[in-house]
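Chains, contacts and geometry: an overview
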Amino acid sequence: MGISTLSAATTKGTADYVNEVLTSVRAKNPAEPEFHQAVQEVLESLGPALSKHPEYQKARILERMVEPERVIMFRVPWVDDQGNVQVNRGFRIQMSSAIGPYKGGLRFHPSVNLGILKFLAFEQVLKNSLTTLPMGGGKGGSDFDPKGKSDNEVMRFCQSFMTELCRHIGPDTDVPAGDIGVGGREIGFLFGQYKRLKNEFTGVLTGKGLNWGGSLIRPEATGYGCVYFASEMLKTRKEKLEGKLCLVSGSGNVSQYTIEKLLDFGAKVIAMSDSNGVIHDHEGINREKLAWVLELKNVRRGRIKEYADHFKTAKYMPVDPSKDFNPLWAIKADCAFPSATQNEINAKDAATLVMNGCKVVAEGANMPSTLDATKLFLEAKILYGPAKAANAGGVATSGLEMSQNSMRLSWTRAEVDERLHNIMIAIHKNSFETAEKYGMPGNLVFGANIAGFLKVADSMLDQGLV
Ligand code: NDP
């Protein structure tokens, strides 16, 4: 039975329907601006799909998609190295299981709150749909700040966090991964505690170590995938990454492997950053300098300022959060790879990038551009790869890790990389062709949102009112 037969609701005009849902989202989820922003960006691009398929409105697909299937919020008590009791808040948002088990990262950062995780979970649903793999969407994390904590403190926190989370996840239910502040070290501690509590060794997390179920290329996947996506965008204008000047924000996992793959393609990366400041190296960040950054960030856990102290070809510019621009985006370059965090490019930064001749923006981070910045990129008709398409390589390779765990075997580095590359080509093709089909050629925001949405919406119709 089609779900449309369950509802006698009359359909409104598409624009009215979208506005009504947006108004209700803002009213029902106060103080969650990032969630409102993510929902608005998606819903406002779905008009043509909603007009073509009135059955979605009848089945209240939008209202159902903006309501998480389940939200779990919990206390995370732990003891620091001085013996003091600390209390953090833990979350898991199980947003949609329409096309597979919930899947999405865990973020440990002091800024984490319900609204930020709901925006990330909402984006994740459509992103996972685009990957071609059977994964639903979720996101979780904590306001715990791993910066400045000892390994023992991070371990005690992870163990306490997993003690509650383990009740809600499982290899066929919900499979978390890393995100900001959650890398190989944290995944190890979380996996160890899950295994101990459940007495089972399963693929319940991705981003695992290679010796215990991890996939080759998973650490590299988001960055590599973003560069493959940028290369596909450039091909549509018969251009290449080779010789292009690139800006990469952040200096964490996504940034590091974006830079590595850009070097493989013959591009020149001249800047990177962290939350305190930006380094501008006019001679370019070569492989030797990148290896130094990896040691700085992943082992010594230092600040990017030290790069400019060590390499005299670079200058350091501190970031002043009270200012309405980031000096990184004022450096003249051909391509920008925002790879740090949400809303790191505002309208002023976007205008500066476009004015300086930037032709490509490929989003490694989630929702790094504000709504106004996105609008500016689209109006300027530069090659703009929105996050849910451009950074989907990370979760796609997590999907490949799940497949390998289920089959109890490991693919080679070349095999995983080839699958990742093909997935990024397919995501670009699907987004590009969907944009054309629905009358917005070249607009990948539009294409990615509609393509991701259709698969989820049709699966929801097939499965009835759940
Ligand atoms: P990491 O923790 O490895 O690195 C994050 C980087 O971003 C650091 O350089 C950090 O600087 C900077 N950063 C974080 N928060 C802020 C902030 N509020 N303002 C300025 N800079 C900030 O995280 P990842 O590289 O894994 O994630 C980066 C982005 O990519 C996030 O948006 C994440 O959601 C997205 N992403 C990650 C995927 C993955 O596989 N890891 C997959 C898809 C998307 P500092 O050290 O100063 O905090």
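Residues numbered from 1 in each chain as written. Predicted model: local features only at pLDDT ≥ 70, side-chain atom pairs only at ≥ 80, totals over all residues. Heavy atoms only, no water.

**Let's talk about helix α9 (residues 218-235)**
Along its 18 residues, α9 runs 25 Å from first to last C-alpha, staying within 8% of the 26 Å computed at 1.5 Å per residue. For α9, the principal kink sits at Y224 and spans about 30 degrees. Of all 18 residues in α9, 16 are buried; the element is thus mostly enclosed. (Helix = DSSP H or I, 4+ residues; strand = E, 2+ residues; numbered from the N terminus. Expected span 1.5 Å × (residues − 1). Bend = angle between axes of the 7 residues up to and from the residue. Buried < 20%, exposed > 50% of the residue type's maximum accessible area, 1.4 Å probe, protein only.)

**Focus: the domain arrangement of the protein chain**
For the protein chain, the assigned domains are domain 1 (12-65), domain 2 (70-203) and domain 3 (221-390). For domain 2 versus domain 3, the distance between C-alpha centres works out to 27 Å. Taken together, the contact pairs 13 residues of domain 2 with 11 residues of domain 3. Here domain 2 packs against domain 3, burying approximately 980 Å² in sum over the two surfaces, 51% of which is carbon and sulfur. When the area that domain 2 buries against domain 3 is broken down by residue, the three leading residues are F119, E123 and K127, summing to 45%. Linking domain 2 with domain 3 are 1 salt bridge, by the criterion used here. Put simply, E123 and K388 hold a salt bridge, and the shortest N to O gap is 3.3 Å. Viewed at the interface, domain 3 and domain 2 are joined by 3 residue pairs in polar contact (both at pLDDT 80 or more). The leading source of residues in the side of domain 2 that touches domain 3 is helix α6 (residues 114-130), at 7 residues. Considering only residue class, the side of domain 2 that touches domain 3 consists of 6 nonpolar, no polar and 7 charged. (Domains from an automatic or database assignment. Contact = heavy atoms within 4.5 Å. Buried area = accessible area lost by both parts, 1.4 Å probe. Salt bridge = Lys/Arg side-chain N within 4 Å of Asp/Glu carboxyl O. Polar contact = N/O pair within 3.5 Å; in protein donor to acceptor, adjacent residues only side chain to side chain. Nonpolar A, V, L, I, M, F, W, Y, C, P; charged D, E, K, R; others polar.)

**Things to note about the sheet that holds strand β9 (residues 314-318)**
One open sheet accounts for 7 strands, arranged β9-β8-β7-β6-β10-β11-β12; its pairing is mixed. The sheet is open, and its two edges are formed by β9 and β12 (383-385), each paired on a single side. Adjacent strand axes in the sheet meet at a mean angle of 15 degrees when their direction is disregarded. As paired elements, strand β11 (residues 360-362) and β12 share 3 bridges and run parallel to each other. Following the sheet pairing, A362 is matched in β12 by G385. Here α9 sits on the sheet in contact with β10 (335-337), β11 and β12, set at roughly 145 degrees to β11. (Pairing = 2+ DSSP bridges. Axes fitted to C-alpha atoms, helices over the stretch in contact; angles between N-to-C directions.)

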